[in-house]
Protein chains: 2
Amino acid sequence: MGIADRKEREKEELRASILEAARKLFLEKGVEKTSIRNIADLIEYSPGSIYHYFRDKNEIFHALHQGGFHALGEKMQVLGSVQNPMERLKAMGSIYIRFAMENPDMYDLMFIKEAPIDHIYDQEHCDWKEGAGAFDTLRQTILQCIDQGYFKGHDVEPLSYMIWSTVHGMVSLNIRKRCEVIDFEDKDQIVNLGLQSLFKILDKL
Amino acid sequence: MGIADRKEREKEELRASILEAARKLFLEKGVEKTSIRNIADLIEYSPGSIYHYFRDKNEIFHALHQGGFHALGEKMQVLGSVQNPMERLKAMGSIYIRFAMENPDMYDLMFIKEAPIDHIYDQEHCDWKEGAGAFDTLRQTILQCIDQGYFKGHDVEPLSYMIWSTVHGMVSLNIRKRCEVIDFEDKDQIVNLGLQSLFKILDKL
DNA sequence: TTGTTTTATTGAACAGTGTTTAATTAAATT
DNA sequence: AATTTAATTAAACACTGTTCAATAAAACAA
């Protein structure tokens, strides 16, 4: 069925172009200020036609959110070359924070916003597989640290959660503009100094 | 001028009733789903009249956000009786987390949402005094810890930021539903276990 | 008690929003 | 060529925050 194939391909292309337009507008103006009509205007289709490719606005931004996890996963690839688990844990933190600071809107979508996560729990999927995968790489690394004698007296799950929370907390306070209360010139540097503070603590455990 | 006083009082009363209605609706449905018309309906005034008491919707929610900081400050009062700075720091963490978990919508408004903080930096005030005050009590406590010999090799500012980030990270991941990836039955308890993990670390510093 | 001024309140309108649907157009199949 | 299927659209619905001219009410001055 050559014709069906072509139609499938064309449908996929339009779907991709909706996503591309949504991505462009989202990075320019944010999720809330990007409307279905904006996206439709950009790809020169009517607003209604978008609903033949996506159930609703949340599904579009959920797809973008997936792309963000793919991008973050790519950046984490280099961790394969770091043998020592404690060094790998630190490198993970650095990459995580760099990703968040270089792509604040994407990070916001992935870890702060309500929109894409609400969409997940409304659907039948019912589990956040992108997040679960990312958290598992952290869990495994910390497990290896424990195996090597680090983090004595700590349980993997709460410890992984706490360490994730520390880096997430630092970047999310920054992205959501709660860092102005901190006495420091450069707002980008305070995040890195906070990370150094965390590293100093990890070294003592 | 008794009449002017009464008018002032009446104006203040209506302003308060707008705030009360906004608070009620906000705690029921959240900020985004609480509209000016909803508030106006509840107090039986027209939508337009609300704009004689508040510049815009953000100003209403900024006022509620201030109320949240007042409530948090009240809960922090008991810290006065804790002499040991390290014990006080831990107690601060416990109270902070309890406040966040018991008042997730208010915490969201205070530390996660864009709305009220954007309003602050749009105005001429230009500084988040509620947040600055709260952070300073943390800073002072950590400073006293350092004076007593704790946290050797750490600077106050980055360390305070990092510790705040840890507790903020834990509750904000929870409030924004990113904790489902963590392997634990009770979602409320994981926050406390994370906090216990943090306490274990603090004990070693 | 007038007339005037200030203040408060309103309904309507504006320019948006996400989403649904009936009608239309285009394409593929019979 | 006729019929069926799929894609696209314009229009409508029920909202949103916000503005503004018109109205009503209250306070002040003569």
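Residues numbered from 1 in each chain as written. Chains lettered and ligands numbered in written order. Predicted model: local features only at pLDDT ≥ 70, side-chain atom pairs only at ≥ 80, totals over all residues. Heavy atoms only, no water.

**Student:** For this particular structure, what's the right way to read the overall build of chain A?
**Tutor:** A count of helices and strands for chain A gives 9 helices and 0 strands. Each helix and strand of chain A, placed in order from N terminus to C terminus, yields the pattern α-α-α-α-α-α-α-α-α. Along the three orthogonal principal directions, the C-alpha set of chain A runs to about 60 × 45 × 30 Å. For chain A, contacts bridging at least 24 residues in sequence account for 65% of all contacts bridging at least 6. The averaged location of the 33 negative side-chain charges in chain A is 2 Å from the averaged location of its 26 positive side-chain charges. (Helix = DSSP H or I, 4+ residues; strand = E, 2+ residues; numbered from the N terminus. Contact = heavy atoms within 4.5 Å. Lys, Arg positive; Asp, Glu negative; His and termini not counted. Charge placed at Lys NZ, Arg CZ, Asp CG, Glu CD.)

**Student:** Whenever I open this one, the relation of the copies chain A and chain B confuses me. Can you help?
**Tutor:** Two copies of the chain are present, and they differ by a rotation about an axis and a shift along that axis. Turning chain A through 180 degrees and shifting it by 0.0 Å along the axis lays it on chain B, with an RMSD of 0.0 Å. With respect to symmetry, the two chain copies, as superposed, fit the operation of a two-fold axis. (Least-squares fit on C-alpha atoms with pLDDT ≥ 70 in both.)

**Student:** What am I meant to see in helix H2 (residues 36-43) of chain B here?
**Tutor:** Since the α-helix turns once every 3.6 residues, residues separated by three or four places project in the same direction. Residues and elements named next belong to chain B. Within H2, the full set of buried residues consists of Ile36, Ile39, Ala40 and Ile43. Considered in projection along H2, the buried side chains sweep an arc of 100 degrees and stay on one side of the axis. Of the exposed residues in H2, those oriented more than 90 degrees away from the buried face are Arg37 and Asp41. Glu44 lies just past H2 and shows a positive phi near 60 degrees. (Buried < 20%, exposed > 50% of the residue type's maximum accessible area, 1.4 Å probe, protein only. Arc of directions from axis to C-beta.)

**Student:** Explanation requested: the pattern of salt bridges in the structure shown.
**Tutor:** Pairing of side chains with opposite charge becomes possible as their charged atoms draw close. In this structure the tally under the stated criterion is 27 salt bridges over all chains. Measuring nitrogen to oxygen at the nearest pair gives 3.7 Å for the salt bridge that ties Arg176 of chain B to Glu114 of chain A. Placement of Arg176 of chain B in the loop between helix H8 (156-175) and helix H9 (187-203) and of Glu114 of chain A in the loop between helix H5 (104-112) and helix H6 (115-122) is noted, with the two residues assigned to different chains. A relative accessible area of 5% means that Arg176 of chain B is categorised as buried. Here the residues in one salt-bridge network are Glu32, Asp108, Lys113 and Arg176 of chain A together with Glu114 of chain B, joined through shared partners. (Salt bridge = Lys/Arg side-chain N within 4 Å of Asp/Glu carboxyl O.)

**Student:** Any chance you could explain the interface of chain A and chain B here in plain terms?
**Tutor:** In many analyses, interface size is given as the accessible surface area lost on bringing the parts together. Each partner contributes to the interface: chain A provides 54 residues, whereas chain B provides 54 residues. Between chain A and chain B the total buried area reaches about 4500 Å² when both faces are included, carbon and sulfur atoms providing 64% of it. Ranking the residues of chain A by area buried against chain B places Tyr161, Arg178 and Val181 of chain A at the top, with a combined share of 18%. Counting across the interface, chain A meets chain B through 5 salt bridges. Where chain A packs against chain B, one counts 24 residue pairs in polar contact (both at pLDDT 80 or more). Those elements giving two or more residues to the side of chain A that touches chain B turn out to be H5, H6, helix H7 (129-147), helix H8 (156-175) and helix H9 (187-203) of chain A. When residues in the side of chain A that touches chain B are grouped by element, the largest group, 15 residues, is from H8 of chain A. Taken together, the residues of the side of chain A that touches chain B sort by class into 28 nonpolar, 11 polar and 15 charged. (Buried area = accessible area lost by both parts, 1.4 Å probe. Polar contact = N/O pair within 3.5 Å; in protein donor to acceptor, adjacent residues only side chain to side chain. Nonpolar A, V, L, I, M, F, W, Y, C, P; charged D, E, K, R; others polar.)

**Student:** Can you walk me through the nonpolar core in this structure?
**Tutor:** One broad trend across soluble globular proteins is that nonpolar side chains are buried collectively. Among the nonpolar cores identified, the biggest contains 127 residues, and Phe151 and Trp164 of chain A together with Phe151 and Trp164 of chain B are the most heavily contacted of them. At 11 residues, the largest contribution of residues to this core is made by H8 of chain A. Setting aside anything within four residues of it in sequence, one finds Trp164 of chain B in contact with Leu173, Arg178, Val181 and Ile182 of chain A together with Tyr96, Phe111, Trp128, Phe135 and Leu138 of chain B. (Core = buried A, V, L, I, M, F, W, Y, C linked by side-chain atoms within 4.5 Å.)

**Student:** It is not clear to me how the domain arrangement of chain A should be interpreted in this structure. Could you clarify?
**Tutor:** Residue and element names in this part refer to chain A. What the domain assignment reports for chain A is domain 1 (1-54) and domain 2 (57-203). Computed over C-alpha atoms, the centres of domain 1 and domain 2 are 30 Å apart. Listed by partner, the interface residues are 14 residues for domain 1 and 10 residues for domain 2. Between domain 1 and domain 2 the total buried area reaches about 1200 Å² when both faces are included, carbon and sulfur atoms providing 76% of it. Connecting domain 1 to domain 2 are 1 salt bridge. Every element with two or more residues in the side of domain 1 that touches domain 2 is listed here: helix H1 (2-29) and helix H2 (36-43). Among the elements that line the side of domain 1 that touches domain 2, the one with the most residues is H1, at 6 residues. Class assignment of the residues belonging to the side of domain 1 that touches domain 2 gives a composition of 11 nonpolar, 1 polar and 2 charged. (Domains from an automatic or database assignment.)

**Student:** How do you make sense of the packing of aromatic side chains when you look at a structure like this?
**Tutor:** Any pair of aromatic rings gets described here by the distance separating the centres and the angle formed by the planes. The final tally for this structure, using the stated rule, is 20 aromatic pairs over all chains. A ring pair is formed by Tyr96 of chain A and Phe111 of chain A, whose centres lie 5.6 Å apart and whose planes are at 50 degrees; its orientation type is tilted. One end of the pair, Tyr96 of chain A, is in helix H4 (residues 85-102); the other, Phe111 of chain A, is in helix H5, and 15 residues separate them in sequence. On the numbers, 6.2 Å between centres and 75 degrees between planes, the contact of Phe111 of chain A with Trp164 of chain A is edge-to-face. Linking Phe111 of chain A in helix H5 with Trp164 of chain A in helix H8, this pair joins segments that are 53 residues apart in sequence. In this structure, Phe111 of chain A and Trp164 of chain A share a single accessibility class: buried. A connected cluster of aromatic rings, assembled from ring pairs, spans Phe69, Tyr96, Tyr107, Phe111, Trp128, Phe135 and Trp164 of chain A. A cation over a ring is seen here: Lys90 of chain B above Phe199 of chain B, with NZ or CZ 5.8 Å from the ring centre. (Phe/Tyr/Trp six-rings, centres within 6.5 Å; stacked < 30°, edge-to-face > 60°. Lys NZ or Arg CZ within 6 Å of the ring centre and 35° of its normal.)

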